[in-house]
Amino acid sequence: MQLFEKLIEYPEAERLVLENTFLLPVEETLLGEALGLALARNLTATTDSPPFDNSAVDGYAVRSRDAEVGRIFEVVDEAPAGRPAKKSVGDGEAIKIFTGGVIPGGSDAIVMVENTSGWGERFELKKVPAPGDNVRAAGEDTRRGDVILKADIEVGAPEIALAATQGYGALPVYRRPKVVVLSTGTELVEPGTRDLEPGEIFDSNSYAIVAAAREAGAEARRLYAASDDAGTLRAAIEEALETADVVVTSGGVSVGEKDLVKSTMLELGVTQVFWGVKFKPGKPLFYGTREETRLFGLPGNPVSAMVCFDLFVRPALMCMTGRTDRRRPRIPVYFEKDVVNKFGRLHAMRVSLTRTEKGWLAESVGAQGSGLVSSLSRADALALIGPASEGIPAGEPIEAIVLRDEKLV
Ligand code: AMP
Ligand code: MG
């Protein structure tokens, strides 16, 4: 029987994961697919933006020096967005213009239609415009050659807008990690395919891990193994290794006789970085490398799988894509009553958070069993209890990892 040789502390495990992770290559990625990835280099403006002087309103282009309240202007042309006027503006003349329309030659101000007698072949001026009124100048947003986006920033909707404004159809970003997720366990059944037989349960981990990996910016897919049979497991891990940057397995990684994930990985040439963390939930966590591929063996208990994903796999995926916000926010929290840690290892306790005048009050979401899937969706944070202390006295601040940022608002 295989027992844990050496359990390491959580901070060391986190460090080892990140130390053995590297940036993925840069790929020109279509604008529509770059969301959440990090820019590999500065992006510069290729043109002035806006590229030409244009109108900020719907109205009439005029010469401000002709303007007098009560004067009648003749409308000689029009300049809708996308179709510049053919004529220019002379004395007492105006050109109908709409938002985004090119400022016609001769004119230096736009009168809002609200400040005239209205739309028509001629109009009466009700309010005098100053030179430059309602004109958006070429280059007022960005100038050709300006650095518009800096290397390393995460591409979000505003960054996509800015890049598109400059005509970029693709962005140089560190590519998405390819994650292959594999559930192990003969008891597992694909949800939605059939009813359970005695002793069976539905596979929830592989779906949850794929979702969490995508949320962390990865391209993730499931590879269905769901067996504790050595041959099946080996074939599945081998297949995963062919395409994955990161292989994430669930289950079969503890000290049971049916726990073959670690030994199979080692047989396939994987180098163990660590196996076993002084941490709850998720003591049997395995981490290994084979050439460019990283392998995480997550424990099968759903809470352990998800917490280990969050604390170890997620930072690794974000590190691979150049994201700097790898760690979730951490805040001090306190408990109203003394909390005992009877596990002899760091307990990442699922808690809800409430803001009080003393700070953030943490309350256990209830029983902390590693199989209690429903507890995960009630948890706002993981309060880190231990490792050395036997517990936390009431009111004493400790660190918590925030799972739901929206709680902090
Ligand atoms: P293991 O780590 O394989 O010993 O599994 C620990 C517990 O987690 C057992 O009760 C398993 O049935 C359960 N489990 C393992 N894999 C999954 C999964 N993919 N989805 C839901 N529960 C699982
Ligand atoms: Mg199992």
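Above this note sits the structure.
Residues numbered from 1 in each chain as written. Chains lettered and ligands numbered in written order. Predicted model: local features only at pLDDT ≥ 70, side-chain atom pairs only at ≥ 80, totals over all residues. Heavy atoms only, no water.

What should I look at first to understand the environment of Glu 5 in this one?
Its location among the elements puts Glu 5 in the segment before α1 (10-19). Residue class for Glu 5 comes out exposed when judged on its relative accessible area of 54%. In sequence terms Glu 5 and Gly 276 are 271 residues apart; their C-alpha atoms lie 8.1 Å from each other. (Helix = DSSP H or I, 4+ residues; strand = E, 2+ residues; numbered from the N terminus. Buried < 20%, exposed > 50% of the residue type's maximum accessible area, 1.4 Å probe, protein only.)

Which parts of the structure should I look at to understand the site of ligand 1?
For ligand 1, the set of nearby residues contains 15 residues, the closest of which are Glu 187, Asp 203, Ser 204, Gly 252 and Gly 300. With respect to ligand 1, the backbone of Gly 252 contributes an N or O atom lying 2.8 Å from an oxygen atom. One of the backbone nitrogen or oxygen atoms of Gly 300 is found 2.9 Å away from an oxygen atom of ligand 1. With the chains in place, 75% of the 480 Å² that ligand 1 exposes on its own is no longer accessible. When each cavity is represented as a set of grid points, ligand 1 is found to reside in the largest pocket. (Near = heavy atom within 4 Å. Polar contact = N/O pair within 3.5 Å; in protein donor to acceptor, adjacent residues only side chain to side chain. Areas by Shrake-Rupley, 256 points an atom, 1.4 Å probe, with all protein chains shown as cover. 1 Å grid on protein atoms, 1.4 Å probe; cavity = no way out; pocket = protein on both sides within 12 Å on 5 of 7 lines; lining within 4 Å. Sits in = over half its atoms within 2 Å of the grid points.)

What should I look at first to understand the state of the cysteines in this one?
Between two cysteines, a covalent bond joining their sulfur atoms is known as a disulfide. Within the structure shown, the criterion is met by zero disulfides. Left without a disulfide partner, Cys 319 is nearest to the cysteine sulfur of Cys 308, which lies 18 Å away. (Disulfide = S-S within 2.5 Å.)

Would you mind going over α1 with me for this structure?
Along an α-helix, residues three or four apart share an orientation, since each turn contains 3.6 residues. Along α1, the residues classified as buried are Tyr 10, Ala 13, Glu 14, Leu 16 and Val 17. Viewed along the axis of α1, the buried residues span an arc of 165°, placing them on a single side of the element. In α1, the exposed residues that point more than 90 degrees away from the buried face are Pro 11 and Glu 19. (Arc of directions from axis to C-beta.)

Looking at this structure, how should I read the sheet that holds strand β4 (residues 59-62)?
The strands making up a sheet associate through hydrogen bonds between their backbones, and the pairing can be parallel or antiparallel. The strand order across the open sheet built from five strands is β7-β4-β6-β5-β8, with neighbouring strands paired in mixed fashion. At either end of the open sheet lies a strand with only one pairing partner, and these are β7 (109-112) and β8 (122-124). Going from strand to strand, the sheet's axes swing by 40° on average, the running direction of each strand aside. Judged from the five bridges that link them, strand β5 (residues 72-79) and strand β6 (residues 93-97) form a sheet pairing that is parallel. Following the sheet pairing, Asp 77 is matched in β6 by Ile 95. (Pairing = 2+ DSSP bridges. Axes fitted to C-alpha atoms, helices over the stretch in contact; angles between N-to-C directions.)

Honestly, the sheet that holds strand β12 (residues 178-183) in this entry has me stumped. Any pointers?
Read from one edge to the other, the open sheet built from six strands follows the order β15-β12-β16-β20-β19-β17, with strand pairing classed as mixed. Strands with a single pairing partner mark the edges of an open sheet, and in this sheet they are β15 (219-222) and β17 (271-275). For this sheet, the mean inter-axis angle between neighbouring strands, taken without regard to orientation, is 20°. Across five bridges, strand β19 (residues 286-290) lies against strand β20 (residues 293-298) in antiparallel orientation. Across the sheet, the residue bridging to Gly 288 is Leu 295, located in β20. Helix-sheet contacts for helix α4 (residues 230-243) involve β12, β15, β16 (246-250), β19 and β20, and the interaxial angle to β12 is about 170°. (Contact = heavy atoms within 4.5 Å.)

Looking at this model, I keep getting lost on the nonpolar core. Mind explaining?
For soluble globular proteins, nonpolar side chains are generally found buried alongside one another. Within the largest apolar cluster, 42 residues are counted, with the highest numbers of intra-cluster contacts made by Leu 298 and Phe 312. Breaking this core down by element, the ones donating at least two residues are α1, β12, α3 (205-215), β16, β20, α6 (302-320), β23 (346-356) and β25 (381-385). Among the elements that make up this core, the one with the highest residue count is α6 (13 residues). Sequence-distant contacts of Phe 312, that is, excluding residues within four places in its chain, are made with Tyr 10, Ala 13, Glu 14, Val 17, Phe 279, Leu 285 and Phe 296. Listed in part, the 19 residues of the second largest apolar core include Ile 237, Met 265, Val 270 and Phe 286. (Core = buried A, V, L, I, M, F, W, Y, C linked by side-chain atoms within 4.5 Å.)

So what exactly am I meant to see when it comes to empty space enclosed by the protein here?
Remark: the empty space left among the atoms is shown by a probe the size of a water molecule rolled over them. Applying the stated criterion across every chain, the model contains one cavity of 30 Å³ or more. Of the volumes computed, that of the largest cavity is approximately 60 Å³. Forming the walls of the largest cavity are Tyr 10, Glu 14, Asp 310, Leu 311, Pro 315, Arg 326, Arg 327, Arg 328, Arg 330 and Ile 401. Those elements giving two or more residues to the lining of the largest cavity turn out to be α1 and α6. For the lining of the largest cavity, the element with the most residues is α6, which contributes three residues. A per-class count over the lining of the largest cavity returns four nonpolar, no polar and six charged. (Points joined across faces, edges and corners; volume = space filled by probe spheres on them. Nonpolar A, V, L, I, M, F, W, Y, C, P; charged D, E, K, R; others polar.)

When you look at the packing of α3 against α6 in this model, what are you seeing that I'm missing?
For any two helices packed against each other, the geometry is given by the interaxial angle and the distance between the axes. Running from N to C, α3 and α6 cross one another at 25°; their axes reach a closest spacing of 10 Å. Considering the angle they form, α3 stands roughly parallel to α6. With respect to the hand of their crossing, α3 and α6 are arranged in right-handed fashion. Two secondary-structure elements touch here, α3 through Asn 205, Ala 208, Ile 209, Ala 212 and Ala 213 and α6 through Pro 302, Ala 305, Met 306, Phe 309 and Leu 317. Per-class residue counts for the contact of α3 with α6 are nine nonpolar, one polar and no charged. (Parallel < 35°, antiparallel > 145°, perpendicular 65-115°, else oblique. Left-handed = near helix turned anticlockwise from the far one by under 90°.)

Remember that the coordinates give geometry; whether it matters functionally is a separate question.
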